[in-house]
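# Architecture and fold: a report
Residues per chain are reported as follows:
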Amino acid sequence: MFNYLESDLEEATLEWLAEMDFSILAGPDIAHEGVYPERDSYRDVVLTERLRDALFRINPNVPKEAIELAVQKIEANESPNLVINNQKFHRMVTDGLDIELQGKDGYNPTEKVWLFDFENSTNNDFVAVNQFTVIEGNQNKRPDVLVFVNGLPLVVIELKNATNENTGISEGYNQLQTYKQTIPSLFRYNAFLITSDGINARIGSLTANEERFMKWRTIDGLELAPTSLSQLEVLLKGVLEPTRFMDIIRNFILFQTDGENTYKILAAYHQFHAVNKAVEKANIAVQGDKRIGVIWHTQGSGKSLSMVFYAGKLIQAMNNPTIVVLTDRNDLDDQLFNTFSISGDILRQTPSQANSRDELRKLLSVESGGIIFTTLQKFAPDEDTGVMPCLTNRSNVIVMADEAHRSQYGFGATVRGNEAETKYGFAKYVRDALPNASFIGFTGTPVEATDKNTPAVFGDYIDIYDMTQAVEDGATVKIFYESRIIPLDLPSDLTLDDEYEEITEDQELAVKEKLKSKWSRLEALAGAESRVKRLAEDVVKHY
């Protein structure tokens, strides 16, 4: 058990940051009236000289004029809306700044200025400052610890006293919300927020509610940290280690809008590490057997967002491959397509949805790039020849199969019917259509049986985040099950077709529904008014 006074916790925080080569400064010392001033007033939240020096260092071939214009643009507010301002700044971080200079003969050259060095984290300036006073309007606030990178305040850390029964981690969260309201200029540059009471530690985005402030339970992603380590130490070292810190800022933050509000989303620890492992596996698979592997993340753990983060990083790491997102249901295809569509900034392109095989072939007829959504139905073989034609033989194609446990099987042939018809499953037909593509499966419930084996199709497990871990993290709630049987009143002449599942095992769900004429009788019996009444009575009496 870790019971820190607030001052002890602040000191421990600075020590852990110092272990990761952060420079440690005291807020009063670098104030305009301090012994080593780095600010002109308490209104300034950017350490301008550090910013300017970093831009010159990171962009050595960019003219001084462009650097000065970049500093002005970085420090200028563009919108009265805090979240919109934050989103615009994040775009500067990930895409760089295009600075137009006055040229000669009517030609105005454009210079690209990068705020951070993502390739070499040691080329950035990491500083932690405690007791940094900010005055905005008539508000005077002093967050416990601020983390600056290249003079920009990217992280606000609020600490509370665990020995005081009246304060705790919720008070830390509430204090951060107060800061957002009273000194919003500080949060224009914010990447994420951290709060701890010495026992618990949580991390969240600028727009996250308290439930979305998450634990970070591993430092290196190889194993969960032991409980002997402070949660705050694990979080700080797991997130703010410079290389991981730069990776998170560039690849694991996204913005989504519902048309009215904009939300900032920060990847959870299991998403961050799973995606990075999967990118490494993809680089190996494209040169080998094309099987990237399986990400097994339980339902409710943010699997769709993991797929978005993965696509975003693949685009950066593999020189913009074509990504095919494959599902087995039209409604799931629409749902995933919408999730990707509202995450356009991190993907740097607009996804497309293939509504037919011809449209799929057309979308694949490019040299690289593109995020294409389609269903397994598009990979059915030709009715006359029984052959699935090749849609593209490019090797820079990555297939991301969602719910990979359900329908992605059938490499071997089966013989059916009186005419000895030979039939394969969708696993073979998809690979006939995309013979040089590499495949990764995402699932919450993998299957390992003789005839259906998710790892056998896609490769070994890349990362596992099961229900137990998700419940421990508060990512999902416990599920309790108790079997309560309400018998069916079946007529004596009802026979169930044993061959139905075999006949339709490779069909898309929508196709199966059309074939369920016999099964609809059973459904009608299960939903009969008399049985529903008995079921309701059982629920009332039992619970």
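An account of the accompanying structure is given in this report. (Residues numbered from 1 in each chain as written. Predicted model: local features only at pLDDT ≥ 70, side-chain atom pairs only at ≥ 80, totals over all residues. Heavy atoms only, no water.)

### Topic: the overall build of the protein
To be explicit about the condition: Secondary structure elements follow DSSP: runs of H or I of four or more residues count as helices, runs of E of two or more count as strands, with numbering from the N terminus. To sort residues, take the accessible area from a 1.4 Å probe on protein chains only and compare it with the maximum for the residue type: under 20% means buried, over 50% means exposed, and anything in between is partly exposed. Throughout, the Shrake-Rupley method with a 1.4 Å probe supplies accessible areas, and for residues the shown protein chains are the sole cover considered.
Within the protein one finds 21 helices and 21 strands. Expressed as a percentage of the 543 residues in the protein, the buried residues total 49%. Counting every atom, the protein has about 26300 Å² of accessible surface; 48% of that belongs to carbon and sulfur.

### Examining the pairing of strand E9 (residues 192–196)
Rules: The pairing criterion is simple: DSSP has to find at least two bridges between the two strands.
Within E9, five of the five residues are buried, leaving the element largely enclosed by the surrounding structure. A two-sided burial pattern is seen for E9, the buried positions comprising Phe192, Ile194 and Ser196 on one face and Leu193 and Thr195 on the other. Here five bridges tie strand E8 (residues 152–159) to E9, and the two strands are oriented parallel to one another. Bridge pairing in E9 links Glu158 to Thr195. Sheet topology note: the E9/strand E10 (residues 201–204) ladder contains four bridges and is antiparallel. Looking at E10, one finds that Ser196 is bridged to Ala201. Linking E9 to E10, which pair antiparallel, is a turn of four residues; within it Gly198 sits at a positive phi near 95°.

### Concerning the packing of helix H7 (residues 231–239) against helix H8 (residues 242–251)
Each pair of packed helices gets described by two things: the angle between the helix axes and the distance between those axes. Our working definition: In this analysis, axes come from line fits to C-alpha atoms, helices being fitted only over the stretch in contact, and the angle between any two N-to-C directions falls in the range 0 to 180 degrees. Angles below 35 degrees are treated as roughly parallel, those above 145 as roughly antiparallel, those between 65 and 115 as roughly perpendicular, and all remaining angles as oblique. In this description, contact between two residues means that some pair of their heavy atoms is separated by no more than 4.5 Å. By the convention adopted, Pro, Cys, Tyr, Trp, Phe, Met, Ile, Leu, Val and Ala count as nonpolar, Lys, Arg, Asp and Glu as charged, and the other residues, Gly among them, as polar.
Their axes nearest at 6 Å, the elements H7 and H8 cross at an angle of 70°. It follows from the interaxial angle that H7 and H8 lie roughly perpendicular. The residues of H8 that touch H7, namely those facing Lys237, Gly238 and Val239, are Arg244, Phe245 and Ile248. Partitioning the contact of H7 with H8 into residue classes produces three nonpolar, one polar and two charged.

### Concerning the sheet that holds strand E16 (residues 371–375)
The strand order across the open sheet built from seven strands is E15-E16-E14-E17-E20-E13-E21, with neighbouring strands paired in parallel fashion. Each end of this open sheet is capped by a strand with a single partner; those strands are strand E15 (352–353) and strand E21 (461–465). Where strand E17 (residues 397–402) meets strand E20 (residues 438–443), five bridges bridge the pair, whose relative direction is parallel. Residue pairing in the sheet places Ala401 in a bridge with Gly441 of E20. Strands strand E13 (291–297), E20 and E21 of the sheet are contacted by helix H9 (residues 269–285), whose axis makes an angle of about 165° with E13. In the packing of helix H13 (residues 357–364) onto the sheet, the strands contacted are strand E14 (322–327), E15 and E16, and the crossing angle to E16 comes to about 160°.

### Side note on the pattern of salt bridges
Spelled out, the test is: In the sections that follow, a salt bridge refers to a side-chain nitrogen of Lys or Arg positioned within 4 Å of a carboxyl oxygen of Asp or Glu.
In the structure shown here, the tally under the stated rule is 20 salt bridges. The partner of Arg50 in a salt bridge is Asp125, with the nearest N and O atoms 2.9 Å apart. Of the two residues, Arg50 sits in helix H3 (residues 48–58) while Asp125 sits in the loop between strand E3 (110–113) and strand E4 (126–130), which places them 75 residues apart along the sequence. Here Arg348 makes a salt bridge to Asp95, at a shortest N to O gap of 3.6 Å. Residue Arg348 is located in the loop between helix H12 (344–347) and E15, and its partner Asp95 is located in helix H5 (residues 82–95); the two are separated by 253 residues in the primary sequence. Residue classification places Asp95 among the partly exposed residues on the basis of a relative accessible area of 29%. Among the charged side chains, a salt-bridge network with shared partners connects Glu19, Glu233 and Lys237.

### Considering unusual backbone geometry
A positive phi angle is found at Gln131, which is not glycine, with a value near 55°. Within the secondary structure, Gln131 sits in the loop between E4 and strand E5 (134–136). Notably, Arg348 is not glycine yet its phi reads approximately 60°, a positive angle. With relative accessibility at 34%, the residue Arg348 sits in the partly exposed group.

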